[in-house]
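Breakdown of the fold
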Amino acid sequence: MLVKTGNSLDRILTLELVRVTERAAVAAARLRGRGDEKAADQAAVDAMRRELNQLPIHGTVVIGEGERDEAPMLYIGEEVGQGKGPKVDIALDPLEGTTICAKNLPNSLAVIAIAEQGGLLNAPDVYMEKIAIGPGYPQGIVDLDATPQENIRAMAAAKGVPINEVTACILDRPRHARLIEEVRATGAAIRLIGDGDVAGVIHTTEPDETGIDIYLGIGGAPEGVLAAAALRCIGGQMQGRLVINRDEQIQRANRMGIADVRKKYTMEDMAQGDVLFAATGVTDGNLLHGVKFSRGDRVTTHTVVMRSSTGTVRWIKASHTDMTKFEAN
């Protein structure tokens, strides 16, 4: 039974979240490399919904895969769980990196974050400007309103290295052509990624392993909230600002309780209170190994699960031999 202890979520939920992302990751992994993004995404959505509905929670999806009229995706506002237990906000991406999965490229994940009700930013499914760095640096050394050159120089100074030893992670998109040019002009290196900016942000937390010091650029707002939830648990700094230009986007944001669409959100604005975060690898990557299917009906999964109130990060490599739990009921 899931209960609240003081102002935090019961730690029992930590393992439950692992099961949720494992199910979604295995479902998507069965369609790796098949070139069908929609099928892989739908398989992950269906598996994640089934597992969420087994949890003794009253959950509301505040970051999902779209609006209600886009169902059967796990849409914003959808209620999940058994309808009993604590009320929680849920941010999720059943298949972070659909194109990555379809092409069987690195760093596709199944991702979820849970916080107490009101703890996660209820953001519309629009773009978001983002900047993020890992832990161990003074607060405020980088800023969304600073130029890329200023942020790179500040990062190098804080790390105590020449600029040419700093690496920025940026989504490989035409909209980032000028950003890429400006970062390279400083002498810093760039790691371009095709998709999966939740993993891109998390990579800044272990630069010695990933080689990434700072994340810059525009990606999805849902992924921004998920990344902020992870950094709340593992440490680091992040800022985000919604990219909203059209009247209908402004109206949608207003309906979701966002009065200032140009607000610069801190990591704490996007993920407050006690936060739990879990991600399971779908394909192999810098952060997690992908799902492995072995002869004899054995599946191996690799998951990271974190909790902000304790600062605990657990890496779970699980071997599964009961295949029935991965099948639709």
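Residues numbered from 1 in each chain as written. Predicted model: local features only at pLDDT ≥ 70, side-chain atom pairs only at ≥ 80, totals over all residues. Heavy atoms only, no water.

Note that Cys101 resides in helix α3 (residues 98–103). Considering only alpha carbons, one finds Cys101 and Cys169, 68 residues apart in sequence, at a separation of 20 Å. If sequence neighbours within four positions are ignored, Cys101 has contacts with Ala28, Leu31, Arg32, Gly33, Ala40, Leu95, Ser108, Val282 and Thr283. (Helix = DSSP H or I, 4+ residues; strand = E, 2+ residues; numbered from the N terminus. Contact = heavy atoms within 4.5 Å.)

One open sheet holds the six strands; their spatial order is β9-β8-β10-β7-β11-β12, and the pairing between them is mixed. Strand pairing shows two members of the sheet lacking a second neighbour, β9 (189–193) and β12 (265–266), which therefore form its edges. Pairing analysis gives five bridges linking strand β8 (residues 167–171) to β9, with the strands arranged parallel. Looking at the pairing, Ala168 lines up with Ile190 of β9. Against the sheet, helix α8 (residues 221–234) touches β7 (127–133), β10 (214–220) and β11 (237–243), its axis set at about 25 degrees to β7. (Pairing = 2+ DSSP bridges. Axes fitted to C-alpha atoms, helices over the stretch in contact; angles between N-to-C directions.)

One pass over the full model with this rule turns up 16 salt bridges. The partner of Lys159 in a salt bridge is Asp213, and the shortest N-O contact between them spans 2.5 Å. Of the two residues, Lys159 is situated in helix α4 (residues 148–159) and Asp213 in the loop between α7 (207–210) and β10; the sequence distance between them amounts to 54 residues. A relative accessible area of 3% places Asp213 in the buried class. In the salt-bridge network here, residues are joined through shared partners; they are Glu129, Asp143, Asp145, Arg241, Arg262 and Lys264. (Salt bridge = Lys/Arg side-chain N within 4 Å of Asp/Glu carboxyl O. Buried < 20%, exposed > 50% of the residue type's maximum accessible area, 1.4 Å probe, protein only.)

Coordinates in, geometry out; function isn't part of it.
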